[in-house]
Amino acid sequence: MRSGILAVFLAIVAIGLYACVFIVNPTQQALVLTFGKIDKVVTEPGLNFKLPAPFQNVVYLDKRILDLNMPPVEAIASDKKRLVVDAFARYKISDPVLFFQRVNNIREANQRLSTFLQSSLRSELAKASFTAVVRDNRSGLMENIRRDVSNSASELGIEVVDVKIRRADLPEANSQAIYARMQTERQREATELRAQGEEQARRIRSRADRNATVLVAEAKRDAEIMRGVGDAERNKIFADAYGVDPDFFAFYRSMQAYEAGLRQGDTSLVLSPDSSFFRYFNDPMGADGNAEGSSGARLQAPAAQ
């Protein structure tokens, strides 16, 4: 009987001790509530004691850095361009007492922070241009947003550690319109470049044709000059040869006349056998009996050539 009573007593003591003990993990912080009023704040991990319920209760709060993901926000930049911004924030509970009093739980805290973040995003993006948001000053904008949200969230016992903009794009309709406009501009530039290239090509062809015409004309002129000089030199040589030996010159010219006039072909010559043209056939010395005939042969030979 005594052993049974002792066992019941020990069980009651164990249950009482268990109800008076609570453990705080390294990732947690705890609030000890006495009849719903905050009585104690435990931020260090370990074993702690309290009065059993319903006198005292323990509320655990996360001590780690928490993530806040929010849906994309549509904003208008300073250059009147509409943007769809996808952002997120990281925060931690810096004042558990104020946090519990103002928002009580993580879900409510996320809703309030989301409101702050959306408002700050729209406010900061309205001061910046599209280029600054996308490229030039993105890190500065995120720091300004983080500072603004952190100031607002400090009233909730929350410290905002970081704010990041994942993506900042134009709406789909605007993107298609801008793409079409860019395509039209590129096509216009390509048309202008082709026209300029064609104009330059015509100029180059015209210049080349003009230079070719000038070169051909100059070449013909130089050829005619050289041909005239050659003819003059030939005539001079012939004149000198005629002056040295008139008989040999007459013989040479007659041979040239025979070569040019007696070729095979359809041309027929009707001449008298005793014509001066054949004087070297009748006499190897070319004597035709009269000076006039000899003179006529000398005149006819160049004509036959």
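Since the structure is predicted, the reported quantities are computational estimates derived from the model, not experimental observations. (Residues numbered from 1 in each chain as written. Predicted model: local features only at pLDDT ≥ 70, side-chain atom pairs only at ≥ 80, totals over all residues. Heavy atoms only, no water.)

For the structure shown, the criterion picks out 17 salt bridges. Between glutamate 124 and lysine 127 there is a salt bridge, with the nearest N and O atoms lying 3.9 Å from each other. Residue classification places lysine 127 among the exposed residues on the basis of a relative accessible area of 62%. Residue aspartate 222 is joined to arginine 221 by a salt bridge in which the shortest nitrogen-to-oxygen separation is 3.3 Å. Counted as one network, the salt bridges with shared partners bring together Asp67, Arg90, Asp162 and Lys164. (Salt bridge = Lys/Arg side-chain N within 4 Å of Asp/Glu carboxyl O. Buried < 20%, exposed > 50% of the residue type's maximum accessible area, 1.4 Å probe, protein only.)

What follows is about the packing of helix H3 (residues 106-125) against helix H5 (residues 138-153). Between H3 and H5, the least distance of the axes is 9 Å, while the angle of their chain directions is 140°. Viewed along their axes, H3 and H5 adopt a mutual orientation that is oblique. At the point where H3 passes H5, the crossing takes the right-handed sense. Residues Leu113, Phe116, Leu117, Ser120, Leu121, Glu124 and Leu125 of H3 lie in contact with H5, whose contacting residues are Leu141, Asn144, Ile145, Asp148, Val149, Ser152 and Ala153. Among the residues forming the contact of H3 with H5, the class breakdown is nine nonpolar, three polar and two charged. (Axes fitted to C-alpha atoms, helices over the stretch in contact; angles between N-to-C directions. Helix = DSSP H or I, 4+ residues; strand = E, 2+ residues; numbered from the N terminus. Parallel < 35°, antiparallel > 145°, perpendicular 65-115°, else oblique. Left-handed = near helix turned anticlockwise from the far one by under 90°. Contact = heavy atoms within 4.5 Å. Nonpolar A, V, L, I, M, F, W, Y, C, P; charged D, E, K, R; others polar.)

Quick look at the confidence of the model for the protein now. Per-residue pLDDT for the protein has a mean of 79; in total, 79% of the residues score no lower than 70. Of all the helices and strands in the protein, helix H9 (residues 291-304) carries the lowest mean pLDDT, 38, while strand E6 (residues 66-69) carries the highest, 89. (pLDDT = per-residue confidence, 0-100.)

This part covers the environment of aspartate 148. Relative to the assigned elements, aspartate 148 resides in helix H5. A relative accessible area of 34% places aspartate 148 in the partly exposed class. It is 9.4 Å that separates the C-alpha atoms of aspartate 148 and glutamate 124, two residues lying 24 residues apart in sequence.

Within the fold, arginine 146 resides in helix H5. One polar contact links arginine 146 to glutamate 143, side chain to side chain, over a distance of 3.0 Å. Ignoring any residue separated from it by four or fewer positions in sequence, one finds arginine 146 in contact with Val160, Val161, Asp162 and Val163. (Polar contact = N/O pair within 3.5 Å; in protein donor to acceptor, adjacent residues only side chain to side chain.)

What follows covers a nonpolar patch on the surface. A contiguous nonpolar surface patch, about 360 Å² in accessible area, is contributed by Phe248, Phe251, Tyr252 and Met255. Positionally, methionine 255 belongs in helix H7 (residues 246-261). On the accessibility criterion, methionine 255 (32% relative accessible area) is partly exposed. (Patch = residues over 30% accessible without salt bridge, like charges linked within 9 Å, V, L, I, M, F, W, Y side chains within 5 Å. Areas by Shrake-Rupley, 256 points an atom, 1.4 Å probe, with all protein chains shown as cover.)

By size, the foremost hydrophobic cluster in this structure holds 39 residues, and its most contacted members are Leu113, Leu117, Leu121 and Ile158. Filtering out sequence-adjacent residues up to four positions away, leucine 117 remains in contact with Met70, Phe88, Ala89, Ile145, Val149 and Val163. Residues Val24, Val32, Val42 and Val58 belong to the second largest nonpolar core, which totals six residues. (Core = buried A, V, L, I, M, F, W, Y, C linked by side-chain atoms within 4.5 Å.)

Let us look at the environment of proline 45. Counting through the fold element by element, proline 45 comes out in the loop between strand E3 (37-42) and strand E4 (46-49). A residue is classified by how much of its surface remains accessible, and proline 45, at 43% relative accessible area, is partly exposed. For the pair proline 45 and glutamine 29, spaced 16 residues apart in sequence, the C-alpha separation works out to 7.6 Å. Apart from the residues within four sequence positions on either side, proline 45 is in contact with Val24, Asn25 and Pro26.

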